[in-house]
Amino acid sequence: MRFGVFLLAARFPGEDDAAALERTVRAAVLAERVGFDDVWVAEHHFMTYGVVPSAAAFAGHLLGLTRRVHVGTAVSVLSNQHPVALAEQAAMLSLVSGGRFRVVTPDLRGFGGSLLGDDEPSIDAMADDVARLFRRLGVQRAVVGGLSMGGYVAMALCRRHPDLVRGLVLADTRAGADTDEVRATRLRQAETLEGEDSVRVLVEEVLPHLVGPTTFRQRALIYGRVRGLVQATPPRAAAWAQRAMAARGDAFETLRGLKVPALVLVGAEDALATEEEARVMVDALPNAELLVIPRAGHLCAVEQPDLFNQAVAEFTTALARTEE
C-alpha cells in the first residue's frame, strides 16, 4: 500500500507566488520526512488555485530536494510546450531521479511524435500501440485515461490488455458505436481531409462543437488554443482517426466486465458526448463514479482544468492507497 499527497500550490490571500511555492516545497520535503511514498503536483495557468505554470520544472526541483519520495504530475493540460518536449523532460527527470518520476502521455499514431504507419484504421491498433509502449517502458499496471477519442482507445485497451489497467478514467466519450449518420459524416470528413490535404473541414465542422458555449463566450484564450491545436492536426492522421472511430464497435460489454474502479467525467455543456451517455456508461460499469463538470463542453480537461485535475488526482490517490 502506498500513501501520497497532492500539492496544489494555491496562493492564499496575502501571499505572493513566491510564498505559495515556498510553502509547497516545504510540504513536499516534509511529506518525505514523515514517510509518504508519493508527491503529486499539478500545472495551472493564470489562476490563484495553483501557481505552478510548469509541472515538469517544479517536479524536477522537488526531486533535487528529496531522496526517496516519488514525484509525479497530476494531469497537465493546456501546456504551452510541444508534446515531444514534454516527453523529453519526463524522460530526463525519470533518468536523473532513478525512476522516481513517472508519467506516460502517449502520442496516438500520426499525432505528435508518432508515425502513422500503413495499418488499416482501427481503435484497436491504437490500443495495441499503447500496450506496446507500456511494456517497453516496464509499466506493469497504470491508471489509464482518455478524453473523446482517447476514451475509445482506453476502453479498447481494457478489452484487449486488461492486465495493464489499474483504474480507468473516461472523459467526454461514449461507449456506444456511431449511428449511421455520424459514421457517414466521419467518412465524408476523412475523404475531404485527404482530398484537400487540409484540416479546413475540421475547423468548420468539428471545432465549433469542441468547447461549450461558456468557454466560447468567456474564455477566448482557451478557445484560441483549441483552434490552434485543430489547425495543427496532420490531415492524413485526422483522416485515419476518423475512419478508425467510424469502424469501432459497441464497448458496453467491455465496461460491464471491467474489474477495476472507474471515473467518468463529462462537461455539462458537452453536445458530442452528453451527460445522458455518460450516465449510461456509469450504469454499465460495476464500480464507477460520475462527475459532471459545470461550464465545460467536450474538452472538460481544457475548459475546467482545476476541477478536472482535482477529480483525477483524488481518484488516483484513492487507488494508490489500496495497493499492497
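Residues numbered from 1 in each chain as written. Predicted model: local features only at pLDDT ≥ 70, side-chain atom pairs only at ≥ 80, totals over all residues. Heavy atoms only, no water.

### Some points on unusual backbone geometry
If a residue is not glycine, its phi is most likely negative; likewise, a peptide bond is most likely trans. Not every positive phi belongs to a glycine, and A9 is a case in point at roughly 60°. You can see A9 is positioned in the loop between β1 (4-7) and α1 (17-33). Classification of A9 by relative accessible area gives buried; the value is 4%. For S148, which is not glycine, the phi dihedral falls at a positive 60°. Inspection of the secondary structure puts S148 in the loop between β4 (142-147) and α5 (149-160). (Helix = DSSP H or I, 4+ residues; strand = E, 2+ residues; numbered from the N terminus. Buried < 20%, exposed > 50% of the residue type's maximum accessible area, 1.4 Å probe, protein only.)

### Side note on helix α2 (residues 55-65)
All of the buried residues in α2 are A55, A56, F58, A59, L62 and L63. Buried residues of α2 fall within an arc of 160° about the axis and therefore sit on the same side. (Arc of directions from axis to C-beta.)

### Some points on the pattern of salt bridges
Side chains that differ in charge, positive against negative, can pair when their charged atoms come close. Evaluation of the coordinates by the stated rule reveals 22 salt bridges. For R109, the salt bridge identified is with D129, shortest N-O distance 2.7 Å. Of this pair, R109 sits in the loop between α3 (83-96) and α4 (123-137) while D129 sits in helix α4; the two residues are 20 residues apart in sequence, bridging distant segments of the chain. Looking at D129, the relative accessible area reads 22%, which means it is partly exposed. A salt bridge links R186 to D178, with the nearest nitrogen and oxygen atoms 2.6 Å apart. The buried category is assigned to D178, whose relative accessible area is 5%. Here the salt bridges do not stand alone but share partners, grouping R174, D178, R186, R248 and E277 into one network. (Salt bridge = Lys/Arg side-chain N within 4 Å of Asp/Glu carboxyl O.)

### Some remarks on the environment of F315
Structurally, F315 can be placed in helix α14 (residues 305-322). Exposure remark for F315: the relative accessible area of 6% places this residue in the buried category. Taking C-alpha positions, F315 is 7.3 Å from L263, a pair spaced 52 residues apart along the chain. Aside from chain neighbours lying at most four places away, what touches F315 is V143, L168, V169, P261, A262, L263 and E289. (Contact = heavy atoms within 4.5 Å.)

### A few points about the sheet that holds strand β6 (residues 262-267)
If you walk across this open sheet you meet the four strands as β4-β5-β6-β7, and the pairing is parallel. In this open sheet, the two edge strands, each paired with only one partner strand, are β4 and β7 (288-293). Going from strand to strand, the sheet's axes swing by 15° on average, the running direction of each strand aside. Relative to strand β5 (residues 165-171), β4 runs parallel, the two sharing six bridges. Note on β5: the bridge partner recorded for L147 is A171. Lying over the sheet, α5 contacts β4 and β5, oriented at roughly 145° with respect to β4. (Pairing = 2+ DSSP bridges. Axes fitted to C-alpha atoms, helices over the stretch in contact; angles between N-to-C directions.)

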